[in-house]
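# Structure at a glance
Residues per chain, in single letters:
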Amino acid sequence: MVNNNKDIVADTPIISICMGEGVVARTPGVIISEGIGSCVVLTLYDTILRIGGMAHIMLPMNRRERAEERRMKAGVIEAKDEERRKTAEDRRRKVQMPRILDPYFVYHFADTAIEELLREMLREGVHTPDVVAKMIGGASMFEYDGDKQPGIGERNISGIRDILKKERIPVIGKDIGGCHGRSVRFWLNSGRVVVSSIGMKEREI
Amino acid sequence: MKKTGWFSEDEFDFVNEMMNIGAGNASAALEQMLAQPIELVLPAVHIVPPKEVVGILGRPDMLITCTKMGMIGDIRGSLYFVVGNKDRDRLIVLAEQSARLTAKEQIKPLSAIEEISNIVAGVYLSSIHDFCSLNIYHTVPVLAIDMLQSVLDESIAEASAEVEHLLFVENEFVIPETTEERIRVCLIIILSPKSVDAFVSVLKEAKIKYGMATDNE
């Protein structure tokens, strides 16, 4: 990973996650994710233990997994799935710590992503009432005329908000909506999140 | 036999051939619009899982211009026309030159890109139409300029929940009179889940039909 961010000190570990991935890590370090459109990046941060998690969530509901599960039960895609799991394991071994969790399914969807993120953080010893959340993304990149249905961005945001409410995690910062892409840097030592967009000032939330 | 997405190797070759013809027609159409001779570098056709598209196109934070079109008719889905911002600017300059505008009458530069995407998409769809006798039309393009992944993530998210693969055509053009540098434009075709089966079976039929013809030659 090339460090082209001037505000990150030279030897800080940088973890970069792509669409549909998630990670949990301890300070020191910076987690970054680039090119967020209608996806939503959710950061969870334990303010006392200074452990943070980030998920780059693509869709509000885990529909795909259900369909896959059905087919798995029918024995159609078992072999293929085993293959996927294996490559995931391989990748994890290569990256070592902090590990990027199963890159295929879990972090695609808001419901399973938050579940997995919290589970992983609890394993690290996080105390749930200390956790705060920030949300970034959920834009609608193309302008639709006459289409009144809420886009994926909006559905992602409302889906995540509902789940966080259920888990009693407060959302203390957000940079959502609009029609521009975003990139995010998340400092694990302070929980600071900086959002940058093309042609706009950087914002700290 | 090696499989590429939905197709066997032979069938994939056929798809490739169909897209080559599409690319030929597209370059002819662009030649006319830009009033410049255009050399075509053969297109690369990929049938890939939705999540791999960004990796093939470039870095997720690369700046691109993208137009989105709906696909209606016998096959439904959506079409994306993607061009890097540097190539976009060169295309706009050429379009302005060919329109021979005076200083007073400026065109909105991005409308040229919409028009080019309109033409390219139309030409590709008509080559699918010619081979498979499917009626496909596309809707008016809408435009977005931003980071590659942020523009495409919505469609990738939707597609990855619904379909296993999508069709991705990478074209490179050289305009010999200006520079030797290549202009790269990409076309992404996402079929709706219901259309996938129809498209695949029609293509397989067409392959058999035309495959016989080429064997006799």
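Structure first, text after, so check above.
Given the structure is predicted, the values throughout are model-derived calculations rather than measurements.

## Some remarks on the sheet that holds strand 2 (residues 22–26) of chain A
Residues and elements named next belong to chain A.
- Taken together, five strands build an open sheet; the order of strands is 2-5-4-6-7 and the sheet is mixed. This sheet does not close on itself; its edge strands, each paired only once, are strand 2 and strand 7 (171–176). Taking the axes of each pair of neighbouring strands and ignoring which way they run, one obtains an average angle of 10° across the sheet.
- In terms of strand pairing, strand 4 (residues 40–46) meets strand 5 (residues 51–57) through seven bridges, oriented antiparallel. The residue of strand 5 that forms the bridge with Asp 46 is Ile 51.
- Strands in contact with helix 3 (residues 110–123) are strand 2, strand 4, strand 5 and strand 6 (131–137); relative to strand 5, the strand with the most contacts, it is inclined by about 165°.

## A few points about helix 5 (residues 148–162) of chain B
Residue and element names in this part refer to chain B.
- Taking 1.5 Å per residue, 15 residues should reach 21 Å; helix 5 reaches 21 Å between its end C-alpha atoms and fits that length.
- At Glu 154, helix 5 shows its strongest bend, of approximately 40°.
- Judged by how many residues are buried, helix 5 sits mostly within the fold: 13 of 15 residues are covered.

## Quick notes on the packing of helix 3 (residues 85–99) of chain B against helix 4 (residues 109–132) of chain B
Residues and elements named next belong to chain B.
- Where helix 3 meets helix 4, the axes come as close as 9 Å, and the angle between the chain directions of the two elements is 95°. Our classification of the angle between helix 3 and helix 4 gives roughly perpendicular. Taken together, the residues of helix 4 that come into contact with helix 3 (itself represented by Arg 88, Leu 91, Ile 92 and Ala 95) are Pro 109, Leu 110, Ala 112, Ile 113 and Ile 116.
- Residues of the contact of helix 3 with helix 4, tallied by class, amount to eight nonpolar, no polar and one charged.

## Let's talk about helix 3 of chain B
All names here are of chain B.
- Along its 15 residues, helix 3 runs 21 Å from first to last C-alpha, staying within 8% of the 21 Å computed at 1.5 Å per residue.
- What helix 3 keeps buried is the set Asn 85, Asp 87, Arg 88, Leu 91, Ile 92, Leu 94, Ala 95 and Ser 98.
- Packed against the buried residues of helix 3 are helix 1 (9–34), strand 4 (63–73), strand 5 (77–84), helix 4, strand 7 (142–147) and strand 9 (182–191).

## Digging into the interface of chain B and chain A
- The interface is formed by 26 residues belonging to chain B together with 28 residues belonging to chain A.
- In total, about 2,400 Å² of surface goes out of reach between chain B and chain A, with carbon and sulfur atoms giving 55% of it.
- Considering only the side of chain B, the residues that lose the most area to chain A are Lys51(B), Glu154(B) and Glu164(B), jointly responsible for 24% of the buried surface there.
- Inspection of the region where chain B meets chain A yields one salt bridge.
- Of the charged contacts, one joins Arg59(B) and Glu34(A) as a salt bridge, the two residues approaching to 3.4 Å between their closest N and O atoms.
- Counting across the interface, chain B meets chain A through 10 residue pairs in polar contact (both at pLDDT 80 or more).
- Listed by contribution, the elements that provide at least two residues to the side of chain B that touches chain A are strand 4, strand 7 and helix 5 of chain B.
- Its residues assigned to classes, the side of chain B that touches chain A comprises 13 nonpolar, four polar and nine charged.

Reading guide: rules and limits
Residues numbered from 1 in each chain as written. Chains lettered and ligands numbered in written order. Predicted model: local features only at pLDDT ≥ 70, side-chain atom pairs only at ≥ 80, totals over all residues. Heavy atoms only, no water. Pairing = 2+ DSSP bridges. Helix = DSSP H or I, 4+ residues; strand = E, 2+ residues; numbered from the N terminus. Axes fitted to C-alpha atoms, helices over the stretch in contact; angles between N-to-C directions. Contact = heavy atoms within 4.5 Å. Expected span 1.5 Å × (residues − 1). Bend = angle between axes of the 7 residues up to and from the residue. Buried < 20%, exposed > 50% of the residue type's maximum accessible area, 1.4 Å probe, protein only. Parallel < 35°, antiparallel > 145°, perpendicular 65-115°, else oblique. Nonpolar A, V, L, I, M, F, W, Y, C, P; charged D, E, K, R; others polar. Buried area = accessible area lost by both parts, 1.4 Å probe. Salt bridge = Lys/Arg side-chain N within 4 Å of Asp/Glu carboxyl O. Polar contact = N/O pair within 3.5 Å; in protein donor to acceptor, adjacent residues only side chain to side chain.

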